[in-house]
Amino acid sequence: MASEMGEAIRQLMQEKGLSEDSVKLTIENMLKAAYKRTFGTADNAVVQFADDLSDVTIFSRKEVVDGVYDPVFEIELEEARVLSEEIEVGDEIDIPLDPKEDFARSAVSTGKQTAHQGLNESFKDNLYNEYKDKIGEIIIGYYQREKNGNIYVDFGKVEGVLPAKFQSPREEYEKNDRIRALIVDIKKTSSGIQVVLSRSDPEFVRSIIELEVPELSDKTVEIYKVVRDAGYRTKIAVFANREDVDPVGACVGLKGSRIQNVITELSGEKIDVLKYDSDPVVFIKNALSPAEVSKVIILDAEKKQALAIVPDSQFSLAIGKQGQNVRLANKLCDWTIDVKTEEQAADMDLSEIVSRQAAFNLFNDDGSEEEGNAIASLPGVDVRVADILKESGIVDIQQFIDAYDEDALKNIEGLTADDIENVNKIINDNVEIVEEGTSSNDQSQAETDSEEEYFCPECGAKITLDMTVCPKCGCEFEFSDDEE
């Protein structure tokens, strides 16, 4: 038995991938279970392994007595001295047993069942501990079978399942096809564990593109967010941690080589890689790619509602098939975006919205001037002109007014005199400018004073403040300040 047991230990360690300690513990529990089934207790059972695992033995530890009362725990002195001549009453002695001869047949069966259960649990625990830390990682296996729409994948020691709800509608598989998928969960089964997979999760695309783009591995470029309609379109927002690196170019690769590998893995799914921007106006414009957006107007900053205005020819592209493009843009930006054509926007009254946005862009919550798009958000402003102004450091209304008063705008390359006057007219038509040091009350009083008229109390002829005699009837009078 000893040599057979040692060989069994080595096989279990090799086939099941179990540790030496777990196998030894399982065998020890098996022998003690058989011992207990035979003798009613395992309190005095002792199991010992050879250092090289070539042998394993179970002993019955008994006390040497002169007159046995309990033969399970006690042994007569004369019988003990057959095993050891120096033994004395009161000593303990380990008596080796042979399970085949000393254990009942049913006890051996019980021991095997205990060992089988123990080994299965150890095997499952080991596999679970090995794979639980791999959730969120990519794994590669081979198509094994399909049942009820679920695909079962062979990974060697474990089986994976790709549920129908986590599959891409573009993909079909045949037996032994190679499958790369994301681990999303680990479940214990009667035979081991089952690895739950996904090819529809946005994180699957993130993991795939990270394998293709070294700049993502070294954090030169980072992914802000990935949103996806599996099988149809994915949008990925990226940003660079270095000014000299183009994050979109890094992800797309030379002539699109890097992103094409990802598209191939996704069976031709469309992928939009775009630049993340902390300015919601810019980010929303980018998120609606591949459509070109003329203007973005913030409708409600707190509720994150925005209006995107696009040329008529770009409307269907901005919306996407069944609203897919704008829906993904909403998820990516975490804003509710309403898309209108320029013709539709022209029929809307945007004056109040624009004024509100101008105030929002000019000052943020702490009262400091914000890098915004107040000029770009004014109705009727040419996008080209707004971009030229922004590149020259003029991004808000006050900066434009200051530069206009100083006649500095004519020095900006790309701007014509008509461009400048058009913007100035739009500002005058839509924004109320109040001079510093002059309150609205002062202005109203000045207007009232300038418009007030005076008449002679006798004949009613019109007179002025500098007269003391009516020019018509000769009545004398005097102007004085009213006192309360």
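Because the structure is a prediction, the values reported are computed rather than measured.

### Overview of the packing of aromatic side chains
Reasoning step 1: Under the counting rule described, the total for this entry stands at six aromatic pairs.
Reasoning step 2: Seen in terms of ring centroids, Y35 and F39 are 4.7 Å apart; in terms of plane orientation they differ by 50°. Their pairing is tilted. Linking Y35 with F39, this pair stays in helix α2 (residues 20–39), spanning four residues, or about one helical turn.
Reasoning step 3: Assessed through its relative accessible area of 0%, Y35 is described here as buried.
Reasoning step 4: Overall, F39 belongs to the partly exposed group, its relative accessible area being 32%.
Reasoning step 5: Three or more aromatic residues joined by ring pairs form one cluster here, namely Y224, F239, Y276 and F283.
Reasoning step 6: In this structure, K134 packs its charged tip against the face of Y131, placed 4.7 Å from the ring centre.
Reasoning step 7: Directly above the aromatic system of Y152 lies the positively charged group of R145, at a separation of 4.1 Å from the ring centroid.

### Some remarks on a negative patch on the surface
Reasoning step 1: A contiguous patch of negative charge, built from D312, E342, E343 and D347, is present on the exposed surface.
Reasoning step 2: Within the secondary structure, D347 is located in the loop between α13 (342–346) and α14 (351–362).
Reasoning step 3: On the basis of relative accessibility, which here comes to 69%, the residue D347 falls in the exposed class.

### Remarks on the sheet that holds strand β5 (residues 138–147)
Reasoning step 1: If you walk around this closed barrel you meet the five strands as β5-β6-β7-β9-β8, and the pairing is mixed. Going across the sheet, the axis of each strand differs from the next one's by a mean of 50°, ignoring polarity.
Reasoning step 2: The strands touched by helix α6 (residues 202–212) are β5, β8 (178–188) and β9 (193–198); relative to β8, the strand with the most contacts, the crossing angle is about 130°.

### Quick notes on the nonpolar core
Reasoning step 1: Of all hydrophobic cores here, the largest spans 24 residues; its most connected members are I284, L288, I337 and V339.
Reasoning step 2: Put simply, the parts of the chain that give this core at least two residues each are α10 (280–287), β13 (295–300), β14 (305–310), α12 (324–333) and β15 (336–341).
Reasoning step 3: Counting residues per element, this core draws most heavily on α12, at five residues.
Reasoning step 4: L216, I236, I259 and L266 belong to the second-largest nonpolar core, a separate cluster that totals 21 residues.

### Comments concerning the sheet that holds β13
Reasoning step 1: An order of β13-β14-β15 is seen for the three strands of this open sheet, with the pairing classed as mixed. Sheet topology places β13 and β15 at the edges, where each strand pairs with a single neighbour. Direction aside, the axes of adjacent strands within the sheet are offset by 25° on average.
Reasoning step 2: For β14 and β15, the ladder comprises six bridges, and the chain directions are parallel. Considered in β15, the bridge of Q305 is made with T336.
Reasoning step 3: Of the strands in this sheet, β13, β14 and β15 touch α10, which is tilted by about 120° from β13.

### As for the pattern of salt bridges
Reasoning step 1: Tallied over the full model, the rule gives 16 salt bridges.
Reasoning step 2: Between E203 and R206 there is a salt bridge; the shortest N-O distance is 2.9 Å. Of the two residues, E203 and R206 are both situated in helix α6; the distance of three residues between them amounts to about one turn of the helix.
Reasoning step 3: By relative accessible area, E203 is classed as partly exposed at 35%.
Reasoning step 4: In this structure, E215 engages R258 in a salt bridge whose closest nitrogen and oxygen atoms are separated by 2.9 Å. A residue pair is termed long-range when its members are at least 10 positions apart, and E215 in helix α7 (residues 214–217) and R258 in helix α9 (residues 257–265) qualify at 43 residues.
Reasoning step 5: We classify E215 as partly exposed; its relative accessible area is 21%.
Reasoning step 6: Through salt bridges with shared partners, a single network forms among E171, R180, R199 and E265.

### Side note on the pairing of strand β11 (residues 233–240)
Reasoning step 1: Most of β11 sits out of view: six of its eight residues are buried.
Reasoning step 2: Pairing analysis gives eight bridges linking strand β10 (residues 221–229) to β11, with the strands arranged antiparallel. Counted as the bridge partner of I223 is V238 from β11.
Reasoning step 3: Bridging between β11 and strand β12 (residues 270–275) involves six bridges; their strand directions are parallel. Within β12, the residue paired with T234 across the bridge is I271.

Cut-off values and rules
Residues numbered from 1 in each chain as written. Predicted model: local features only at pLDDT ≥ 70, side-chain atom pairs only at ≥ 80, totals over all residues. Heavy atoms only, no water. Phe/Tyr/Trp six-rings, centres within 6.5 Å; stacked < 30°, edge-to-face > 60°. Helix = DSSP H or I, 4+ residues; strand = E, 2+ residues; numbered from the N terminus. Buried < 20%, exposed > 50% of the residue type's maximum accessible area, 1.4 Å probe, protein only. Lys NZ or Arg CZ within 6 Å of the ring centre and 35° of its normal. Patch = residues over 30% accessible without salt bridge, like charges linked within 9 Å, V, L, I, M, F, W, Y side chains within 5 Å. Areas by Shrake-Rupley, 256 points an atom, 1.4 Å probe, with all protein chains shown as cover. Salt bridge = Lys/Arg side-chain N within 4 Å of Asp/Glu carboxyl O. Lys, Arg positive; Asp, Glu negative; His and termini not counted. Charge placed at Lys NZ, Arg CZ, Asp CG, Glu CD. Pairing = 2+ DSSP bridges. Axes fitted to C-alpha atoms, helices over the stretch in contact; angles between N-to-C directions. Contact = heavy atoms within 4.5 Å. Core = buried A, V, L, I, M, F, W, Y, C linked by side-chain atoms within 4.5 Å.

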